[in-house]
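Coordinate analysis (summary)
Okay, here's what each chain looks like letter by letter:
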Amino acid sequence: MSSPTPGSATQRIFIDKQSPKAYHALMQTSEAVRAVAADAGLDRTLVELINLRVSQINGCAYCLHIHTRAALRAGETTQRLGVLAAWRDTELFTPGERAALALAESTTQPADTAAQESAYAAARDALTDDQISAVIWVAITINAFNRVSIMSKHPVRADR
């Protein structure tokens, strides 16, 4: 790839296409995490809420697009999706969902150790050990996909 001219936008490579073996490994991890979440009893809508909340924090438009569709297909409501960024300020989420969302946020922003300890304590009260592990793995995995899409600048195209 040639160097961009001064003042021009840098064209990004799609790293998932450039390094398919690495991307395939990430996809396999995602499939394993999805199975772990199901085995732990996490509802598919909760998994998609975690994917969306982490993608909101990271500002990943492509993953927000993909996982909004997935959440709707899984039965999530537009009302809850619309207020997800402010989930703490509503009564629309169960204690287990709230604990999972807080844990996913602290996994995404691990430098805030006070928030991490608070989130983990709340998770211990509302979730099983298997569910805590699954929530953390879901958050870790979507964080990785967010970075792939953000660094590749995967486009979001209008629905037709």
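Residues numbered from 1 in each chain as written. Predicted model: local features only at pLDDT ≥ 70, side-chain atom pairs only at ≥ 80, totals over all residues. Heavy atoms only, no water.

**Let's talk about the overall build of the protein**
Basically, it comes down to this: Only DSSP runs of H or I covering at least 4 residues are called helices, and only runs of E covering at least 2 are called strands; the numbering of each starts at the N terminus. What the globule rule says is 2.2 Å times the number of residues to the power 0.38, and the radius of gyration is computed from C-alpha atoms. Each residue is placed in one exposure class: buried if its accessible area under a 1.4 Å probe, protein chains only, is under 20% of its type's maximum, exposed if it is over 50%, and partly exposed if it falls in between. Per-residue accessibility takes into account occlusion by the displayed protein chains alone, with areas from the Shrake-Rupley method and a 1.4 Å probe. Asp and Glu count as negative and Lys and Arg as positive, but His and the ends of the chain are not part of the count. We put the charge of a Lys on NZ, of an Arg on CZ, of an Asp on CG and of a Glu on CD.
Per the secondary structure count, the protein includes eight helices and zero strands. Reading the secondary structure of the protein in the N-to-C direction produces α-α-α-α-α-α-α-α. Taking 2.2 N^0.38 as the reference for a compact globule, 160 residues should give roughly 15 Å; the C-alpha atoms of the protein span a radius of gyration of 17 Å, in line with that estimate. For the protein, the spread of C-alpha atoms along the three principal axes comes to 55 × 30 × 30 Å. Among the 160 residues that make up the protein, the fraction classed as buried is 38%. Of the roughly 9,400 Å² of accessible surface on the protein, a fraction of 54% belongs to carbon and sulfur atoms. If the 16 positive side-chain charges of the protein are averaged to one point and the 16 negative ones to another, these points end up 12 Å apart.

**Thoughts on the packing of helix α3 (residues 44-58) against helix α6 (residues 95-108)**
What counts is decided by this rule: Think of each axis as a best-fit line through the C-alpha atoms, taken over the contacting stretch in the case of a helix, with angles from 0 to 180 degrees between the N-to-C directions. Crossing handedness: left-handed means the near helix sits turned counterclockwise from the far one by under a right angle, and right-handed means the same turn made clockwise. Whether two residues are in contact is decided by their heavy atoms: any pair within 4.5 Å suffices. Three categories are distinguished: nonpolar for Ala, Val, Leu, Ile, Met, Phe, Trp, Tyr, Cys and Pro, charged for Asp, Glu, Lys and Arg, and polar for the others, with Gly belonging to the last.
Where α3 meets α6, the axes come as close as 10 Å, and the angle between the chain directions of the two elements is 35°. The element α3 and its partner α6 pack so that their crossing is right-handed. Here α3 contributes L46, L49, I50, R53, V54, I57 and N58 to the contact with α6, which in turn contributes E97, A100, L101, A104, E105 and T108. In the contact of α3 with α6, the residues fall into eight nonpolar, two polar and three charged.

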